[in-house]
Amino acid sequence: MVIICDISAWQYWRCPPLVRKGKTPIDIACAPKEQGGLGLDRKLLTPRTNAREADLLLSTRILSDLKGIELPVHVMLDRTAPQRSNNLVTCHRPPDWLAREHIIDIGNGLGVLSIPAMLETLGRRFGPFDIAGAMNELCGTYTLFHQTAQAKLLLNPLLENGTIKKLATRQTDIIRFFCDESGKKASFTTKKGKELPWQPTLTKSATLDNLWKRPPLVTLDELEIFTSRHPRSKGSVVYETAFNLAREGLASPFETQLAMVLTAPSHLGGEELPIPSFNRKIAFTEAARKLAGGKYCVGDAVWHESRAVLEANGYDYHTDDDGFYTKSGRTSALQSLGYTVHEINYAQFKDQIQYEAIVRSICSSIGIDEQTRTKTFKERNGALRKYLLGKNRLWS
């Protein structure tokens, strides 16, 4: 079996099901870019009949269900197969520990690494915060899908004819929160028992955003089970460190950044705050409903016992009607229930003085002492925030 791996497996798991549907005609794929094509080499898509298995399989799939993967596709081949890389395929040897249970069969001789196995192998060349960020996304309710040229050929017409807007603005069968008032995880299913569909989001200028909303693809429990059953390898230390930094229920990249810096251990530059519930539903009393104009709101980070809420104002990522970004009296409603409401945006997260003031305020609300701001800690904390805001992360 030819196994999609490395960064290609990451792109596969990030790809919306909508993009996998349909097939781009080979004539369009081979047409020059100035004529609306992809400019791909026809020889790449029509290999010789005696070509190796990987070339034959991928040449027929990169224009269909693998449209979300950039070329060349990273694959693991059997050790006896030719390991020659080309413009279509980059070859890797499978690790000794790889077993059948680590491979998801996607049909016709192709497989993709399971999410835990993919993260383990990526841990050989990415750091703990990179892998933790990927875990947060996969365990959360969002994904960042960066459109490939193949995907754009499919999505652009759907944007122009209004299909994307219709999907982005629908109000039924959508994700509203990660956990309910009691902290129990939402089912992420429709009334008919089917898994909630992926939902695109639009920017303020009505273009298709990279962020898609979707049910979690994996749980922390599943990631932990992989660790307990898996023999130690080159990526194990990074995977295990990342697992301890990972959180469930995050709904945007900014929430992921905040979760890591606020709850990571101090020796890594984190604040070591108690882990809150993320995207938790908070039901309103009758009086609070009159203030908020709704039955409930969703807190980005909720320390329920301490009655404290942190609102992450991450620009375009919080524009849904039931999100916490749309205030409309919700802060007053929460305050009437005894909650202390804190807010933070990107500018405040970047600015050391404003950031520290917000952290100090949160610590006061939840009744703990903040980290001693030694020179060493401030350097580590500043470096961590700078890294998390960078653009060269695995989960950017």
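What counts, and where the lines are drawn
- Residues numbered from 1 in each chain as written.
- Predicted model: local features only at pLDDT ≥ 70, side-chain atom pairs only at ≥ 80, totals over all residues.
- Heavy atoms only, no water.
- Helix = DSSP H or I, 4+ residues; strand = E, 2+ residues; numbered from the N terminus.
- Rg over C-alpha atoms; globule rule 2.2 N^0.38 Å.
- Areas by Shrake-Rupley, 256 points an atom, 1.4 Å probe, with all protein chains shown as cover.
- Lys, Arg positive; Asp, Glu negative; His and termini not counted.
- Charge placed at Lys NZ, Arg CZ, Asp CG, Glu CD.
- Buried < 20%, exposed > 50% of the residue type's maximum accessible area, 1.4 Å probe, protein only.
- Phe/Tyr/Trp six-rings, centres within 6.5 Å; stacked < 30°, edge-to-face > 60°.
- Pairing = 2+ DSSP bridges.
- Axes fitted to C-alpha atoms, helices over the stretch in contact; angles between N-to-C directions.
- Salt bridge = Lys/Arg side-chain N within 4 Å of Asp/Glu carboxyl O.

Student: What exactly am I supposed to notice about the overall build of the chain here?
Tutor: A count of helices and strands for the chain gives 17 helices and twelve strands. Relative to a compact globule of 396 residues, whose C-alpha radius of gyration would be 21 Å, the chain shows 23 Å and is just as compact. Its C-alpha atoms give the chain principal-axis dimensions of about 70 × 50 × 40 Å. Carbon and sulfur atoms provide 50% of the accessible area of the chain, an area that totals close to 18400 Å². When the 52 basic and 43 acidic side-chain charges of the chain are each reduced to a single mean position, those positions are 3 Å apart.

Student: So what exactly am I meant to see when it comes to unusual backbone geometry here?
Tutor: With glycine set apart, most residues show a phi of negative sign, and most peptide bonds adopt trans. Across the junction of Leu71 and Pro72, the peptide omega takes the value -5°, indicating a cis bond. Relative to the helices and strands, Pro72 is located in the loop between helix 5 (53-61) and strand 2 (73-76). In the Ramachandran plot, Phe188 falls in the positive-phi region, its phi being about 55° despite a non-glycine side chain. Within the secondary structure layout, Phe188 lies in the loop between helix 9 (163-169) and strand 7 (199-202). Assessed through its relative accessible area of 10%, Phe188 is described here as buried. One non-glycine residue, Arg307, lies in the positive phi region at around 55°. Following the sequence through the fold, Arg307 ends up in the loop between strand 10 (296-303) and strand 11 (308-313).

Student: Got a minute to help me understand the packing of aromatic side chains in this structure?
Tutor: The description of an aromatic ring pair rests on the distance of the ring centres and on the angle between the ring planes. Throughout the structure, instances matching the rule amount to eight aromatic pairs. Taken together, a centroid distance of 6.1 Å and an interplanar angle of 90° make the contact between Phe177 and Tyr296 edge-to-face. Of this pair, Phe177 sits in the loop between helix 9 and strand 7 while Tyr296 sits in strand 10, and the two are 119 residues apart along the sequence. Since its relative accessible area comes to 16%, Tyr296 is described here as buried. Plain terms: the ring middles of Phe178 and Phe188 are 5.9 Å apart, the flat faces sit at 45° to each other, and that makes the pair tilted. Placement of the pair is Phe178 in the loop between helix 9 and strand 7 and Phe188 in the loop between helix 9 and strand 7, with a sequence separation of ten residues. Judged on exposure class, the residue Phe178 and its partner Phe188 are both buried.

Student: Explain the sheet that holds strand 6 (residues 142-144) to me, please; I cannot follow it from the model alone.
Tutor: Strands in a sheet are paired, the pairing made by backbone hydrogen bonds, and the direction either parallel or antiparallel. Judged by pairing direction, the sheet is antiparallel, and its three strands sit side by side in the order 6-8-7 without closing on themselves. Of all strands in the sheet, those bounded by a partner on one side alone are strand 6 and strand 7. Each adjacent strand pair in this sheet contributes to an overall mean axis angle of 35°, direction not counted. With three bridges connecting them, strand 6 and strand 8 (residues 208-213) associate as antiparallel partners. Among the inter-strand pairings, Thr143 is bridged to a residue of strand 8, identified as Trp212.

Student: Can you walk me through the pattern of salt bridges in this structure?
Tutor: Pairs can form between side chains of opposite charge once their charged atoms are near each other. Inspection of every chain in the model, using the stated rule, returns twelve salt bridges. Arg360 is paired through a salt bridge with Glu370; the nearest N and O atoms lie 3.0 Å apart. A residue pair is termed long-range when its members are at least 10 positions apart, and Arg360 in helix 16 (residues 352-366) and Glu370 in the loop between helix 16 and helix 17 (375-388) qualify at ten residues. Judged by its relative accessible area of 40%, Arg360 falls in the partly exposed class. Judged by its relative accessible area of 25%, Glu370 is partly exposed. Between Arg373 and Glu370 there is a salt bridge; the shortest N-O distance is 3.6 Å. Linked through salt bridges whose partners overlap, the residues forming this network are Glu271, Glu356, Arg360, Glu370 and Arg373.

None of the figures reported here should be taken as evidence of function without further support.
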